[in-house]
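Understanding the architecture of this molecule
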Amino acid sequence: MKHAAAGEAGPDPVDARLGTRLTELRTERGWSLGELAARTGVSKSTLSRAERAETSPTAALLNRLCAVYGRTMSQLLSEVETEPPLLVRTAEQPVWEDRASGFVRRSVSPPHSGLRGELVEGRLAPGSDIAYDRPPVPGLEQHIWVLEGALAMTAQDVEHHLDAGDCLRLRVRGATRFRCVGDEPVRYVLAVVLP
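This section reports on the structure supplied with the text. (Residues numbered from 1 in each chain as written. Predicted model: local features only at pLDDT ≥ 70, side-chain atom pairs only at ≥ 80, totals over all residues. Heavy atoms only, no water.)

Points about the overall build of the protein
Secondary structure summary: the protein contains 5 helices and 10 strands in total. Over its C-alpha atoms the protein spans a radius of gyration of 17 Å, differing by no more than 12% from the 16 Å that the globule rule assigns to 195 residues. Summarising its shape, the C-alpha atoms of the protein cover approximately 50 × 35 × 35 Å along the three principal directions. The proportion of buried residues among the 195 residues of the protein is 41%. The contacts in the protein between residues at least 6 apart in sequence include a share of 65% that link residues at least 24 apart. Total accessible area on the protein is roughly 10,500 Å²; 51% of this is exposed by carbon and sulfur atoms. Here the protein carries 24 positive and 26 negative side-chain charges, and the mean point of each set is 5 Å from the other. (Helix = DSSP H or I, 4+ residues; strand = E, 2+ residues; numbered from the N terminus. Rg over C-alpha atoms; globule rule 2.2 N^0.38 Å. Buried < 20%, exposed > 50% of the residue type's maximum accessible area, 1.4 Å probe, protein only. Contact = heavy atoms within 4.5 Å. Areas by Shrake-Rupley, 256 points an atom, 1.4 Å probe, with all protein chains shown as cover. Lys, Arg positive; Asp, Glu negative; His and termini not counted. Charge placed at Lys NZ, Arg CZ, Asp CG, Glu CD.)

Focus: the pairing of strand S1 (residues 95-98)
Here S1 shows one buried face, formed by Trp96 and Asp98, and one open face, formed by Val95 and Glu97. By the bridge criterion, 4 bridges tie S1 to strand S2 (residues 103-109) in an arrangement that is antiparallel. Across the sheet, Val95 pairs through a bridge with Arg106, a residue of S2. (Pairing = 2+ DSSP bridges.)

Section: the packing of helix H2 (residues 33-40) against helix H3 (residues 44-51)
For the pair H2 and H3, the least separation of the axes is 9 Å and the interaxial angle reads 110°. Judged by the inter-axis angle, H2 sits roughly perpendicular to H3. Here the hand of the crossing between H2 and H3 comes out right-handed. Every residue of H3 that contacts H2 at Leu33, Gly34, Leu36, Ala37 and Thr40 is listed here: Lys44, Leu47, Ser48 and Glu51. Residue classes in the contact of H2 with H3 are distributed as 4 nonpolar, 3 polar and 2 charged. (Axes fitted to C-alpha atoms, helices over the stretch in contact; angles between N-to-C directions. Parallel < 35°, antiparallel > 145°, perpendicular 65-115°, else oblique. Left-handed = near helix turned anticlockwise from the far one by under 90°. Nonpolar A, V, L, I, M, F, W, Y, C, P; charged D, E, K, R; others polar.)

A few points about the sheet that holds strand S7 (residues 158-163)
Ordered by their spatial adjacency, 4 strands build an open sheet running S4-S9-S6-S7, and the pairing between neighbours is antiparallel. Here the strands that pair on one side only, and so sit at the sheet edges, are strand S4 (129-132) and S7. Strand-to-strand, the axes of this sheet are offset by a mean angle of 15°, without reference to chain direction. By the bridge criterion, 6 bridges tie strand S6 (residues 150-155) to S7 in an arrangement that is antiparallel. Bridging across to S7, Thr154 finds its partner in Glu159.

Thoughts on the packing of aromatic side chains
Applying the stated criterion to the full structure yields 3 aromatic pairs. Between Tyr132 and Phe178, the aromatic rings sit 6.2 Å apart at their centres with planes inclined by 80°, giving edge-to-face as the arrangement. Taken as a pair, Tyr132 in strand S4 and Phe178 in strand S9 (residues 176-180) lie far apart in primary sequence, 46 residues in all. Judged on exposure class, the residue Tyr132 and its partner Phe178 are both buried. (Phe/Tyr/Trp six-rings, centres within 6.5 Å; stacked < 30°, edge-to-face > 60°.)

Quick notes on the state of the cysteines
Cysteine pairs can be linked by a disulfide, which is a covalent bond between their two sulfur atoms. For the structure shown, the criterion picks out 0 disulfides. Cys167 forms no disulfide, and the closest cysteine sulfur to it belongs to Cys180, at a distance of 18 Å. (Disulfide = S-S within 2.5 Å.)

Quick notes on helix H1 (residues 13-28)
With 16 residues, H1 ought to run about 22 Å at 1.5 Å a step, and its terminal C-alpha atoms sit 22 Å apart, in line with that. Along H1, the positions that sit buried rather than exposed are Asp15, Leu18, Gly19, Arg21, Leu22, Leu25 and Arg26. The arc enclosing the buried residues of H1, seen along the axis, measures out at 170°, which places them on a common side. Residues of H1 that are exposed and angled more than 90 degrees away from the buried face: Pro13 and Glu28. Residues of H1 that are buried in the fold lie against H2, H3, helix H4 (59-69), helix H5 (73-78) and S1. With its phi angle positive at about 75°, Gly30 sits one or two positions after the end of H1. (Expected span 1.5 Å × (residues − 1). Arc of directions from axis to C-beta.)

Function-wise, these values are silent; they only describe arrangement.
Pasting the structure below:
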């Protein structure tokens, strides 16, 4: 058994559970790391490091994995949490951070197997830019409501500029991009509805 040296922290518990779940999803399908790499366009070494919780996966990596596993990111993240309660207090809402991109994601209303919708709060630091090459589920319905700051959201090669109070509604069928375009962070609500 490998133990962390004095002063070294072990893997983040959420990353460890996420790595285990990613391994389970791959093995349930009978895929090797090489086959998963071919399906996602992500290197075997990156996939292996994520499965072993040696690195915290980025939002873009999770999006690619969700696409091949037919899940939204919230569904995948909820699978590594304990059984979700019906009422989720603010302090108990799961928060996930992509430190590389400056993206913080809070699952306000976690997914549930009997429901098609969920609410997510997104925060992007000034200058943050997240690109997804495909939707996790084709035809996914999204409503993006900006609460603070300014957001540029690109879908189907059209860039939409949203200021506080603006809401964009769409079905996601291809690549998307979220950018914080102001000098202040942007905070928005993302309502996701499965087709």
